[in-house]
Amino acid sequence: MKLYTCSNCQNLLYFENTVCLSCMLSTGFQADSLSMVSLLLLPDGTYTDVNNSDSKFRYCANYGFGTCNWLVNAGYSDEYCIACELNRTIPDLSNEQNRLRWNKIEIAKHRLIFSLLRLGLPVSVKKEKEDNGLVFDFLADEPEGERVTTGHDAGIITLNIEEADDDVRMRNLMNLGERYRTLLGHFRHEIGHYYWDLLIADKNPLQEFRRIFGDEREDYSKSLESYYNYGAPANWMENYISPYATAHAWEDWAETWSHYLHMMDTLETAYSFGLRVKPRALIEESVKASIHEDPYQISDFNQIMQLWLPLCFAVNSLNRSMGHQDFYPFVISRPVVEKLAFIHLLLPKPPTS
């Protein structure tokens, strides 16, 4: 994630800010330029960029619910921003608990969409059953109905909104023996399935995918049944990023994809802050890093790893000092590096920011 500042007074902003707490101007995110804009209110109720009077914006319609700070060009008829227009189903907002859940869900989803745009990936709304677009269904379990399962199916990403409840999510983490479970992690995993269909299925990279990840033509249902019955093999860390990645080639891809997004977004944040890892102890060079290059402009994935591992060691150490679990509780083996590098080379190179 980039580091944003108010374009009026240069005060630091969080990605979700709707107002600069220094100069008190309204702020909004402009997806076309991936920029945060400080705004002046116009008499007609629209806004203009404080540094560009020719611009004219409206907030996304979901701004009124406190779930979105993205902007829409006032000359467009669109009611929603590019992130919110992907919502096909949202929770019943007459329920206050659902409103709180939805707010958390949208924070995570907007960060996902930022990453996709940052990577130059196609993001479009699914309008017909057969098209390649994307939509989100945020659903709650019905008292007497079938339980909602989080997952992906042909461009439709379903999320059980109870995952926004910290206690439920942590209980699921413990029950499933997971090391990491967040709303953003769910989104990054499920969107991986979507982009597998767009980037790999029946396309040139398919044979290389099968060499690295395995054959996706193996029976998916039987593979998952076997995983849930018997778990991952004891030596799973030698070849996979997580136990669940062992279930099937598709799950290995989605788990690896989500970790790729974790790495790139976090490294961009570290780069934006000019972070440097230089332990005072006389230790080997492999745990030193100066993150002075935008990770999205690094073509050699080995360089990404040379930045990522020291950063994780440092932040894991900080977390332990606060009594928290590790920031990144995973081991990246050489086969996993090859999988991550495959994704890195597959994705379009974004423009220099």
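Source: prediction; values computed, not measured.

**Comments concerning the packing of helix α3 (residues 183-199) against helix α6 (residues 249-272)**
Step number 1: At a minimum axis distance of 8 Å, the contact between α3 and α6 shows a crossing angle of 115°. By crossing handedness, the relation of α3 to α6 is classed as right-handed. Contacts between α3 and α6 pair Gly185, Arg188, His189, Ile191, Gly192, His193, Tyr195, Trp196 and Leu199 from the former with Trp250, Glu251, Trp253, Ala254, Glu255, Trp257, Ser258, Leu261, His262 and Asp265 from the latter.
Step number 2: Its residues placed into classes, the contact of α3 with α6 shows nine nonpolar, six polar and four charged.

**Quick word on helix α5 (residues 220-230)**
Step number 1: Buried within α5 we find Ser223, Leu224 and Tyr227. The buried residues of α5 occupy an angular sector of 95° when the element is viewed end-on, so they sit on one face. Exposed positions of α5 whose direction lies more than 90 degrees from the buried face are Ser221, Lys222, Glu225, Asn229 and Tyr230.
Step number 2: Buried-residue contacts for α5 involve α6.
Step number 3: The N-capping residue of α5, defined by a side-chain oxygen 3.1 Å from the backbone nitrogen of serine 221, is aspartate 219.
Step number 4: Positioned one or two residues after α5, glycine 231 has a phi angle of 80°, which is positive.

**A word on the pattern of salt bridges**
Step number 1: Enumeration according to the criterion identifies 20 salt bridges in this entry.
Step number 2: Of the charged contacts in the structure, one is a salt bridge between arginine 111 and glutamate 16, with a shortest N-O distance of 2.7 Å. Of this pair, arginine 111 sits in helix α1 (residues 96-118) while glutamate 16 sits in the loop between β2 (12-13) and β3 (26-30); the two residues are 95 residues apart in sequence, bridging distant segments of the chain.
Step number 3: Judged by relative accessible area, which is 21%, arginine 111 ranks as partly exposed.
Step number 4: Classification of glutamate 16 by relative accessible area gives partly exposed; the value is 30%.
Step number 5: With its nearest N and O atoms 2.7 Å apart, the salt bridge here joins arginine 169 to aspartate 166. Here the residue arginine 169 and the residue aspartate 166 both occupy positions in helix α2 (residues 166-175), the gap between them amounting to three residues, near one helical turn.

**A look at the sheet that holds strand β7 (residues 71-73)**
Step number 1: Sheet architecture is open: five strands sit in the order β3-β4-β5-β6-β7, paired in antiparallel fashion. Across the chains shown, the open sheet's two edge strands, defined by having one partner strand only, are β3 and β7. Averaged over all adjacent pairs, the angle separating strand axes in this sheet is 50°, with direction ignored.
Step number 2: Direction of pairing for strand β4 (residues 35-41) relative to strand β5 (residues 47-49): antiparallel, over a ladder of three bridges. Its bridge partner lying in β5, leucine 39 is registered against aspartate 49.

**Remarks on the packing of α6 against helix α7 (residues 301-321)**
The packing of two helices is summarised by the inter-axis angle and the distance between the axes.
Step number 1: Close contact between α6 and α7 brings their axes to 11 Å; oriented N to C, the two are set at 70°. As far as their axial angle goes, α7 and α6 are roughly perpendicular. Residues Tyr260, His262, Met263, Met264, Thr266, Leu267 and Ala270 of α6 lie in contact with α7, whose contacting residues are Phe301, Ile304, Met305, Leu307, Trp308 and Leu311.
Step number 2: By residue class, the composition of the contact of α6 with α7 is eleven nonpolar, two polar and no charged.

**Digging into the pairing of strand β11 (residues 156-160)**
Step number 1: Taking burial as the measure, the five residues of β11 include five buried ones, the bulk of the element.
Step number 2: Burial along β11 is two-sided: Ile156, Thr158 and Asn160 and Ile157 and Leu159, pointing in opposite directions, are all buried.
Step number 3: In this sheet, β11 lies alongside strand β9 (residues 135-139) in parallel orientation, the contact comprising five bridges. Its bridge partner lying in β11, leucine 139 is registered against asparagine 160.
Step number 4: In terms of strand pairing, strand β10 (residues 151-153) meets β11 through three bridges, oriented antiparallel. Residue pairing for β11: histidine 152 is matched across the bridge by isoleucine 157.

**Some words on α1**
Step number 1: Given a rise of 1.5 Å per residue, 23 residues ought to cover 33 Å, and the 33 Å separating the end C-alpha atoms of α1 matches this to within 8%.
Step number 2: Positive phi appears at glycine 120, one or two residues downstream of α1, with a value of about 75°.

**Some thoughts on the sheet that holds strand β8 (residues 87-89)**
Step number 1: With mixed pairing, the four strands of this open sheet are ordered in space as β8-β9-β11-β10. The open sheet has two free edges, formed respectively by β8 and β10, since each of these has just one partner strand. The average undirected angle you get between the axes of adjacent strands in this sheet is 25°.
Step number 2: The sheet contact formed by β8 and β9 spans two bridges and is parallel. Each residue of the ladder has a partner; that of threonine 89, found in β9, is aspartate 137.
Step number 3: Along the sheet, α1 contacts β8, β9 and β11; its crossing angle with β9, the most-contacted strand, is approximately 160°.

Parameters at a glance
Residues numbered from 1 in each chain as written. Predicted model: local features only at pLDDT ≥ 70, side-chain atom pairs only at ≥ 80, totals over all residues. Heavy atoms only, no water. Axes fitted to C-alpha atoms, helices over the stretch in contact; angles between N-to-C directions. Helix = DSSP H or I, 4+ residues; strand = E, 2+ residues; numbered from the N terminus. Left-handed = near helix turned anticlockwise from the far one by under 90°. Contact = heavy atoms within 4.5 Å. Nonpolar A, V, L, I, M, F, W, Y, C, P; charged D, E, K, R; others polar. Buried < 20%, exposed > 50% of the residue type's maximum accessible area, 1.4 Å probe, protein only. Arc of directions from axis to C-beta. Polar contact = N/O pair within 3.5 Å; in protein donor to acceptor, adjacent residues only side chain to side chain. Salt bridge = Lys/Arg side-chain N within 4 Å of Asp/Glu carboxyl O. Pairing = 2+ DSSP bridges. Parallel < 35°, antiparallel > 145°, perpendicular 65-115°, else oblique. Expected span 1.5 Å × (residues − 1).

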